[in-house]
Amino acid sequence: MTLNWFKFASPASFYPIAGRLIPVFWILTLLLLAIGLYWGFFETASKLGGSNPQKEYYRIIFIHVPSAWMSMWLYIVLVGWAAIGLVFNTRLSFMMANAVAPTGAIFTFLALWTGAFWGRPSWGTYWDWDPRLTSELVLFFLYIGYIALHSAIDDTRRADRASALLAIVGLIMVPVIFWSINCPDPNQCAALHQRSNLTRIDGNILFSMLTMTLAFWMYGFAATFMRLRSIILTREAENTWVQELLNARRQA
């Protein structure tokens, strides 16, 4: 038996699938959050050594780093769906991109916010205009710009295409953020933010960090699918299947 993947490109087909997956992703989110936070608070050292020793406040890393990773990953996902929508003119692809954007913006803001709180006791300042922090701020503005542009255009199809083009142009910020943190020559991009190096992280810290990343990933699925179902009902409101669904809910 062959599986027709194009069938799931239809909003009518994907709507019930998303509804069945949402509870699963919420359960995984809560489970992984509980494991990640427990491990981060009770199974890791009370102090962080190295060239910049830190006390208990370093534990904000378990929120800050996964948020920063998710902010970049979700932007890539957004651009991917937007590009598919432009190439194949599929309604669901544009809807998916539109549903991903707010979650990506939330994670980017969370990365900036937790980074500011972490920076104050670590380096004596909430903010510094270096490439690593500034590029993440630009990514946040790209998310907001995408959402604002899409909302500003009344014609949904034109809004989809215009915001998709903006997202694709802004994709350049993802490698900029990556290389600003993993600078090949630290002498040329000195900043408050240290370089990322997973091989030098304590095993318990790494486990908690990766578990929290998976938790945020599952949350991203849950939140995006919930928003997607709302978008589908709004855009497909005139279709027969939506009207039948709404009538069935009223009669239930």
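Scoring rules and cut-offs
- Residue indices begin from 1 for each chain and proceed along its sequence in written order.
- Since the coordinates come from a predicted model, pLDDT governs what is reported: local features require at least 70, and pairs of side-chain atoms require 80 or more to be given and counted, while whole-chain, interface and lining totals use all residues.
- Water and hydrogen atoms were dropped before computing side-chain values, which therefore reflect all heavy atoms in the structure.
- To qualify as a helix, a DSSP run of H or I must reach at least 4 residues; to qualify as a strand, a run of E must reach at least 2; elements of each kind are numbered from the N terminus.
- Residues are treated as being in contact if the distance between any of their heavy atoms lies within 4.5 Å.
- Accessible surface area values rest on a Shrake-Rupley calculation with a 1.4 Å probe, where residue burial reflects the displayed protein chains alone.
- UniProt positions are given in the numbering used here, feature names are shortened, and annotations may be inferred rather than shown by experiment.
- For helices, the fitted line uses only the C-alpha atoms of the stretch in contact; every axis is such a line through C-alpha atoms, and the angle between N-to-C directions lies from 0 to 180 degrees.
- Note: crossing handedness is left-handed where the near helix turns anticlockwise from the far helix by less than a right angle, and right-handed where it turns clockwise.
- Patches here are clusters of residues that have more than 30% relative accessible area and form no salt bridge, with a 9 Å joining cutoff for like charges and a 5 Å cutoff for nonpolar side chains (Val, Leu, Ile, Met, Phe, Trp, Tyr).
- Every case where a carboxyl oxygen of Asp or Glu lies within 4 Å of a side-chain nitrogen of Lys or Arg is listed as a salt bridge.
- Type-normalised accessible area, obtained with a 1.4 Å probe on protein chains alone, sets the label of each residue: buried when under 20%, exposed when over 50%, and partly exposed for intermediate values.

Moving on, we come to the overall build of the chain. Along the backbone of the chain there are 8 helices and 0 strands. Tracing the chain from N to C terminus, the helices and strands come up as α-α-α-α-α-α-α-α. Of the contacts made within the chain by residues no fewer than 6 positions apart, 75% connect residues no fewer than 24 positions apart. Total accessible area computed for the chain in this model is approximately 13,900 Å², and 68% of it derives from carbon and sulfur atoms.

Attention now moves to the UniProt feature "transmembrane region" (unreviewed entry) in the chain. As recorded in UniProt, the sites labelled "transmembrane region" (unreviewed entry) are residues 21–41, 61–88, 95–113, 133–152, 164–181 and 205–225. In this annotation, residues 95–113 is assigned 100% helix and 0% strand; the end-to-end C-alpha distance for the span is 28 Å. Its end C-alpha atoms 30 Å apart, residues 205–225 is made of 100% helix and 0% strand.

Before going further, it helps to spend a moment on the packing of helix α3 (residues 91–123) against helix α4 (residues 131–152). The contact between α3 and α4 brings their axes to 9 Å, and the two run at 145 degrees. In terms of crossing hand, the pair formed by α3 and α4 is left-handed. Taken together, the residues of α4 that come into contact with α3 (itself represented by Phe-94, Ala-97, Asn-98, Ala-101, Pro-102, Gly-104, Ala-105, Thr-108, Phe-109, Ala-111 and Leu-112) are Leu-133, Glu-136, Leu-137, Leu-139, Phe-140, Tyr-143, Ile-144, Tyr-146, Ile-147 and His-150.

Further remarks concern a nonpolar patch on the surface. Residues Ile-84, Leu-86, Val-87, Phe-88, Leu-165 and Ile-168 make up a contiguous nonpolar surface patch of roughly 540 Å² in combined accessible area. Those elements that provide at least two residues to the nonpolar patch are α2 (61–88) and α5 (156–170). The leading source of residues in the nonpolar patch is α2, at 4 residues.

Under the criterion given, the structure shown has 2 salt bridges. Between Glu-236 and Arg-91 there is a salt bridge, and its shortest N-O distance comes to 3.1 Å. With Glu-236 in the loop between α7 (203–235) and α8 (240–251) and Arg-91 in helix α3, this pair connects stretches of sequence that are 145 residues apart. Under the relative-accessibility criterion, Arg-91 is labelled partly exposed at 37%. For the salt bridge of Asp-160 with Arg-235, the shortest nitrogen-to-oxygen distance reads 3.0 Å.

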